[in-house]
Amino acid sequence: MKISHIIVLVVIAVVIGIIVSTTGNASQYVTFSEAKALAEQGRNNQIHVVGTLQKNEMGQIVGMHYDPIKDPNYFEFILIDNDQKPQRVVYSNPKPADFERSEQVVIIGKMVGEKKDTFLASKILMKCPSKYQENEFEIKEASIKP
């Protein structure tokens, strides 16, 4: 076998090894109940939870706490997952810009605490209303008098 063939086989083996190792570390989308169960089993890998912000009947966010003067790296809010379970989330970074406008939030992190009752987010991804959404306009016919 030629040396070039051996080099190609080694490169292919390395690429396959990298692909297998990265897919083994891929996180998963779960609910807060599943995240708590995983944490109680001792599995502390990063997970994704999708949800919406808890709002009152007037559309205002409920349970959000951020005081940049006291601690700019402490942001707390309540997220409701796809099973409609509210959960306290702590993010140890400044509050993301336009957080209040987000339609859906994806948090990446893990359940922490003695009772596994707090989700510690390491990253927050937001789906905000698109500026490209079509707006509805009401067009009224103008009456022109001769």
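For the structure, see preceding data.
Thresholds, definitions, all that
Residues numbered from 1 in each chain as written. Predicted model: local features only at pLDDT ≥ 70, side-chain atom pairs only at ≥ 80, totals over all residues. Heavy atoms only, no water. Helix = DSSP H or I, 4+ residues; strand = E, 2+ residues; numbered from the N terminus. Buried < 20%, exposed > 50% of the residue type's maximum accessible area, 1.4 Å probe, protein only. Contact = heavy atoms within 4.5 Å. Areas by Shrake-Rupley, 256 points an atom, 1.4 Å probe, with all protein chains shown as cover. Phe/Tyr/Trp six-rings, centres within 6.5 Å; stacked < 30°, edge-to-face > 60°. Core = buried A, V, L, I, M, F, W, Y, C linked by side-chain atoms within 4.5 Å. Patch = residues over 30% accessible without salt bridge, like charges linked within 9 Å, V, L, I, M, F, W, Y side chains within 5 Å. Salt bridge = Lys/Arg side-chain N within 4 Å of Asp/Glu carboxyl O. Arc of directions from axis to C-beta.

A. Quick look at the overall build of the protein. Within the protein, the regular secondary structure consists of 2 helices and 6 strands. Of the regular secondary structure in the protein, the N- to C-terminal order runs α-α-β-β-β-β-β-β. Within the protein, the fraction of its 146 residues that count as buried is 24%. A separation of at least 24 residues holds for 53% of the contacts in the protein among residues at least 6 apart in sequence. Surface accessibility of the protein: about 10,800 Å² in total, with carbon and sulfur atoms responsible for 55%.

B. Representation of the packing of aromatic side chains. Inspection of the entire model under this criterion finds 5 aromatic pairs. When the centroid spacing of 4.9 Å and the interplanar angle of 85° are considered together, the rings of F75 and F99 count as edge-to-face. On the criterion of sequence distance, the pair formed by F75 in strand β3 (residues 75–81) and F99 in the loop between β4 (86–91) and β5 (104–112) is long-range, its members being 24 residues apart. F99 carries the same exposure label as F75, and that label is buried. Here a set of aromatic residues connected by ring pairs shows up, and it is made of Y66, F75, F77 and F99.

C. Looking closely at the nonpolar core. F32, F77, L79, V89, I107, F119 and I124 are the most contacted members of the largest nonpolar core, which totals 20 residues. Among the elements of the structure, α2 (32–40), β1 (47–53), β3, β4, β5 and β6 (118–127) are those that each provide at least two residues to this core. Take this core: its biggest share by element is 4 residues, from α2. Excluding its chain neighbours within four sequence positions, the residues that come into contact with F77 are L53, G63, M64, Q87, R88, V89, F99, I107 and I124.

D. Representation of a nonpolar patch on the surface within the structure. Nonpolar side chains collect at one region of the surface, where I3, I7, V11, V15 and I19 lie side by side and expose about 470 Å² of accessible area between them. Tracing the chain through its elements places I7 in helix α1 (residues 3–24).

E. α2, seen in detail. Taken together, the buried positions of α2 are F32, A35, L38 and A39. Seen end-on, α2 carries its buried residues on one side only, within an arc spanning 120°. Looking at the buried residues of α2, the elements they touch are β1, β3, β4, β5 and β6. Two residues or fewer after α2 comes G42, characterised by a positive phi angle close to 90°.

Read these as spatial facts, not as claims about activity.
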